[in-house]
Amino acid sequence: MYYEAESYPSPGLPVKDPCLSFWLQNTRSSSLLGHRTTESLPPSVDVVIIGSGLSGAATAYYLLTGLNPPKSVLMLEAREACDGATGRNGGHCRPYVFQGYHEYKKIFGKEEALKIIAFDMANLHLMTELIEKEQIDCDFWLGESYETSLDQEAADKKLDSYQMFKEDGGPIEGVVKMTTDSDEAKRLTRMRNAVLTASFPAASLFPYKLVSHLLQLCISKFGLNLQTHTPVTAVGTSAQTITKADAQWIITTPRGKVMANKVIFATNAYTATLLPEFLGNIVPGQGQCAAIVPTPSYSGKGMMDKTCCYYWGKDHFDYLIQRPKDGIIILGGGKDSSPRPGAILGCTNDSGRTGEGGKQAEITEYFKSAMDKYFGGWHDPNSDQRGDSLRSGEGLLYDWTGIMGFTRDNIPFVGNVEGKPGAYVIAGHCGHGMARIASCAKGLAMLISGASWSDTSLPESFRPTKKRMRQTSQTTKNNEEV
């Protein structure tokens, strides 16, 4: 997905009646539904976190379990807990290993590009460590993922990035397995048109279960106050000048105002609603995912042993995981099938209603046949021919939408908002949040607790500086999953 420095309207607040994703449908017994830790809002707290997705939950966790934890933390959520992009994504924790390196090098230079790639891999390790340490039951699976090119144009682009990354000293040995033989790529991936493929470490999980566990842990053990259905409509300051050291932040909601020493904007696509300087710097975009019941060929012993992302043409791609727990395939992408790409970028409607732009009907139709289109033996393990018959209950189970936050340089904004002491942001994850957020949140929590930037592992390019936000002429690809 591309966008230039055009004028996009303020994203406003999230829609009040969003659709339910596969993850949200299957957690309707959650004790966090409608949760409010206290009946009314506290008049003042040390820290306010706006947003309860993985960014907000992980930041709260690392703040409250780290050095110098704040005395009180209030989390404000406009809808249900984890009802934004995290609760609607593809359940894929898939780092950039070499792919995308050439784009980052072009924008940031060799050293910073290598650091961004290394940050992704470190995040995979941190996620594994976090889930094991806290014994989080979130269907976590750690294995490998295929990066597959379905035509020569896509293959050339991947090979260029791979070779550049390798020549620049990027860690390839023992991490990436590249297969350039087309027949072997077809055999490994079971994809009819595979030209080349590469495999590398990745993971899949149930995102809502991860976030709900972190939130419940923070509430029960560390005193987090979570208030759902409490949208923040404005954030101001008590001082005449926002840079005054003793200024407190005033957070306004329909249920009252709260004073805070520090405020964290874990607001992703909606950041510009409260921080106007991010208008055009973080732009919302609608993504669509589907849950698919596999045919017998892709069930039981025939299940996929890796997750995957497959590309064709210049920038077209889909991505999928197959859940080890129940075999359900989560497929995302399909943007190439929409005749109205403008209806996706800038869209904040995740209601799931096609008549009002809450879902793209063409993408839904695409999901119905995508597995048969790309994967051999979908209907018959002994035949590579495409079929047109499914048993009742097989195929597309349900599809849904979610709203991502895109930046022009395809990296998030993490850190103190320049010129606004006590205001911090962790947003603009470009559909790649599961592969970065835990490490971003840990680094941000360290900064808030008094550490210097150099004490964290955060890439310098992630800083939300005025200079970065002024660079409005850069056009960049933002190309990962919901």
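Up top is the structure.
Quantities reported herein were computed from a predicted structural model and do not represent experimental measurements. The residue numbers shown here count from 1 along each chain, following its written sequence. A pLDDT threshold of at least 70 governs which residues receive local features in this predicted model, and a stricter bar of 80 or more applies before side-chain atom pairs are shown or counted, although totals over entire chains, interfaces and linings include all residues. The basis for every side-chain value is the complete set of heavy atoms in the structure, and neither hydrogens nor water enter the calculation.

**As for the overall build of the chain**
For clarity, the cut-off: Only DSSP runs of H or I with at least four residues qualify as helices, and only runs of E with at least two residues qualify as strands; both kinds are numbered from the N terminus onward. Note that the radius of gyration is over C-alpha atoms, with the globule rule given as 2.2 Å times the number of residues to the power 0.38. Note on classification: 1.4 Å probe, protein chains only; a residue is buried when its accessible area is under 20% of the maximum for its type, exposed when over 50%, partly exposed between these limits. In what follows, a contact means two residues having at least one pair of non-hydrogen atoms within 4.5 Å. A 1.4 Å probe and the Shrake-Rupley method give the accessible areas. Residues count as covered only by the protein chains that appear here.
A count of helices and strands for the chain gives 11 helices and 19 strands. Whereas a compact globule of 482 residues would reach a radius of gyration of roughly 23 Å, the chain reaches 22 Å, a difference of no more than 12%. Across its three principal directions, the C-alpha atoms of the chain cover 70 × 50 × 45 Å. The buried share of the chain, taken over its 482 residues, is 59%. Once local pairs closer than 6 in sequence are excluded, the contacts in the chain between residues at least 24 apart make up 78%. Carbon and sulfur atoms make up 50% of the accessible area of the chain, which totals about 18,700 Å².

**Here we look at unusual backbone geometry**
Positioned with a positive phi, Asn-68 is a non-glycine residue whose angle comes to about 50 degrees. In this structure, Asn-68 sits in the loop between α2 (54-65) and β3 (73-76). Unusually for a residue other than glycine, Asp-139 sits at a positive phi of about 55 degrees. You can see Asp-139 is positioned in the loop between α4 (110-133) and β5 (141-149). Given a relative accessible area of 15%, Asp-139 falls into the buried group.

**Observations concerning empty space enclosed by the protein**
Quick reminder of the rule: A pocket here means an open set of points on a 1 Å grid, computed over the protein atoms alone, that has protein on both sides within 12 Å along at least five of seven lines. A cavity is instead a set of points where a 1.4 Å probe fits but cannot get out; residues with an atom within 4 Å of a point line either one. Grid points are joined across faces, edges and corners, and a volume is the space filled by probe spheres set on the points.
For the structure on display, the rule yields three cavities of 30 Å³ or more. Around the largest cavity, the lining is made up of 45 residues, and of these Gly-84, Ala-85, Ala-266, Thr-267 and Asn-268 lie nearest the centre. Every element with two or more residues in the lining of the largest cavity is listed here: α2, α8 (271-274) and β16 (395-406).

**Details of α2**
Threshold: Residue count minus one, scaled by 1.5 Å, sets the expected span of a helix.
Here α2 spans 16 Å end to end across 12 residues, near enough to the 16 Å set by a 1.5 Å rise per residue. Residues Leu-54, Ser-55, Gly-56, Ala-57, Ala-58, Thr-59, Ala-60, Tyr-61, Tyr-62, Leu-63 and Leu-64 constitute the buried set of α2.

**So, the nonpolar core**
Note the cut-off: Throughout this description, the term nonpolar core refers to a set of buried Ala, Val, Leu, Ile, Met, Phe, Trp, Tyr and Cys residues connected via side-chain atoms within 4.5 Å.
Judged by nonpolar contacts, the single largest core of 86 residues is most densely connected at Leu-210, Leu-215 and Ile-264. Broken down by element, the residue count for this core peaks at 11 residues, all from α4. Each residue touching Ile-264, except ones within four places of it in the same chain, is listed here: Val-47, Val-48, Ile-49, Ile-50, Thr-59, Leu-63, Tyr-424, Ile-426, Leu-444 and Ile-448. One finds Ile-50, Ile-251, Leu-274 and Phe-278 within the second-largest nonpolar core, a separate group that totals 25 residues.

**With respect to the side chain of Ser-149**
Take Ser-149: it is sitting in strand β5. Note on Ser-149: relative accessible area 0%, which makes it buried. If we ignore the near neighbours within four places in the chain, the residues touching Ser-149 are Ala-154, Ala-155, Lys-158, Asn-193, Ala-194, Val-195, Leu-196 and Tyr-311.

**Quick notes on the side chain of Asn-123**
What counts, and what does not: Contacts described as polar in this section are N or O atom pairs within 3.5 Å, which, within protein, must combine one atom able to donate a hydrogen with one able to accept it, while residues neighboring in sequence count only if both atoms come from side chains.
Note that Asn-123 resides in helix α4. Its relative accessible area of 0% is what places Asn-123 among the buried residues. A polar contact of 2.9 Å, which involves the side chain of Asn-123, links it to the backbone nitrogen of Ser-439. Those residues in contact with Asn-123, other than ones at most four positions away along the chain, are Cys-93, Met-434, Ala-435, Arg-436, Ile-437, Ala-438 and Ser-439.

**Things to note about the environment of Tyr-398**
Inspection of the secondary structure puts Tyr-398 in strand β16. Note: C-alpha distance between Tyr-398 and Arg-353 (45 residues apart in sequence) is 13 Å. If we ignore the near neighbours within four places in the chain, the residues touching Tyr-398 are Cys-19, Leu-20, Ser-21, Phe-22, Gln-25, Cys-289, Ala-290 and Ala-291. One polar contact links the side chain of Tyr-398 to the main-chain carbonyl oxygen of Leu-20, over a distance of 2.5 Å.

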